[in-house]
Amino acid sequence: MSIGTGLESLVDQTISIITNDGRNIVGVLKGFDQATNIILDESHERVYSTKEGVQQLVLGLYIIRGDNIGVVGELDEELDAHLDLSSLRAHPLKPVIH
Amino acid sequence: MLFFSYFKDLVGKEVTVELKNDLAIRGTLHSVDQYLNIKLENTRVVDQDKYPHMLSVRNCFIRGSVVRYVQLPPEGVDVDLLHDATRREARGG
């Protein structure tokens, strides 16, 4: 409808998704549709905890249903390279409550 | 449709979007669509120490369904105009 609202500009880029259950999944955007269903390639989950640094779990090729998606962020590769995930501690995000 | 048009007029302004998981993201409004999905540029999370989950994200797409509030710049709101428009809408056109 309005220009540039979709996720076209992010295709083939690394994105970071926050799901409604509070997970953070990072991967390469391969496809999406009207309902924000998303195809993510080479994806991994970043698990946050207060006890240890961020753990990365390899997931591979994923389809995430739009209902379960909160935020799709464009990952700035340079900023991300400078992040020290092993020393980053935080509570996991809360789930979305409608 | 009213709020879609309303948000389109706010494009380019600085807003804070609070999500239903308590995360608040501040950035420049880039675009809005019919579902009130929101795209923000130059984003930063309001409480970065508590929520470092988006430290390497500068542009993002927020699904309309997870938005709890949008905090607007005061000068971006013409209260009288919005009053009139919402009343007209409530009357059915």
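What counts, and at which threshold
- Residues numbered from 1 in each chain as written.
- Chains lettered and ligands numbered in written order.
- Predicted model: local features only at pLDDT ≥ 70, side-chain atom pairs only at ≥ 80, totals over all residues.
- Helix = DSSP H or I, 4+ residues; strand = E, 2+ residues; numbered from the N terminus.
- Buried ≥ 20, exposed ≤ 12 C-beta atoms within 10 Å, placed from the backbone.
- Contact = placed C-beta atoms within 7 Å.
- Core = buried A, V, L, I, M, F, W, Y, C linked by C-beta atoms within 7 Å.
- UniProt positions renumbered as here; feature names shortened; annotations may be inferred.
- Pairing = 2+ DSSP bridges.
- Axes fitted to C-alpha atoms, helices over the stretch in contact; angles between N-to-C directions.

**Section: the overall build of chain B**
Now for step 1: Helix and strand content of chain B: two helices and five strands.
Now for step 2: Starting at the N terminus and walking to the C terminus, you meet the elements of chain B as α-β-β-β-β-β-α.
Now for step 3: Looking at chain B residue by residue over its 93 residues, the buried ones come to 28%.
Now for step 4: Excluding contacts between residues fewer than 6 apart, the proportion of contacts in chain B whose partners are at least 24 apart in sequence is 45%.

**Considerations on the nonpolar core**
Now for step 1: Among the nonpolar cores identified, the biggest contains 34 residues, and A:Ile17, A:Ile38, A:Val72, B:Val17, B:Leu40, B:Cys60 and B:Ile62 are the most heavily contacted of them.
Now for step 2: Sorting the residues of this core by element identifies strand E1 (14–19), strand E2 (24–32), strand E3 (38–47) and strand E5 (69–75) of chain A together with strand E1 (14–19), strand E2 (24–32), strand E3 (38–45) and strand E4 (57–62) of chain B as the ones contributing at least two each.
Now for step 3: Here A:Ile17 is in contact with A:Ile25, A:Ile38, A:Ile64, A:Ile69, A:Val71 and A:Val72, once residues within four sequence places are set aside.

**Focus: the UniProt feature "domain: Sm" (unreviewed entry) in chain B**
Now for step 1: UniProt records the feature "domain: Sm" (unreviewed entry) for residues 2–76 of chain B in the present numbering.
Now for step 2: For residues 2–76 of chain B, the end-to-end C-alpha separation is 15 Å, with 11% helix and 45% strand making up the annotated structure.

**A short note on the sheet that holds E2(A)**
Now for step 1: On the basis of which strands lie adjacent, the open sheet formed by ten strands has the order E4(A)-E3(A)-E2(A)-E1(A)-E5(A)-E4(B)-E3(B)-E2(B)-E1(B)-E5(B) and antiparallel pairing. Pairing within the sheet leaves two strands with one partner each, and these edge strands are strand E4 (55–64) of chain A together with strand E5 (67–71) of chain B. If you compare each strand with its neighbour and ignore which way they point, the axes differ by 35 degrees on average.
Now for step 2: Here E1(A) pairs with E5(A) via five bridges, running antiparallel. Following the sheet pairing, A:Ser16 is matched in E5(A) by A:Gly73.

**Side note on the interface of chain A and chain B**
Now for step 1: The interface is formed by 31 residues belonging to chain A together with 26 residues belonging to chain B.
Now for step 2: Elements supplying a minimum of two residues to the side of chain A that touches chain B: E1, E5 and helix H1 (77–81) of chain A.
Now for step 3: Judged from the five bridges that link them, E5(A) and E4(B) form a sheet pairing that is antiparallel. Counted as the bridge partner of A:Glu74 is B:Asn59 from E4(B).

**Quick word on unusual backbone geometry**
Now for step 1: Even without being glycine, A:Glu42 reaches a positive phi, approximately 50 degrees.
Now for step 2: Relative to the assigned elements, A:Glu42 resides in strand E3.
Now for step 3: Positioned with a positive phi, B:Asp22 is a non-glycine residue whose angle comes to about 75 degrees.
Now for step 4: Mapped onto the elements of the fold, B:Asp22 is located in the loop between E1 and E2.
Now for step 5: Given 14 C-beta atoms within 10 Å, B:Asp22 falls into the partly exposed group.

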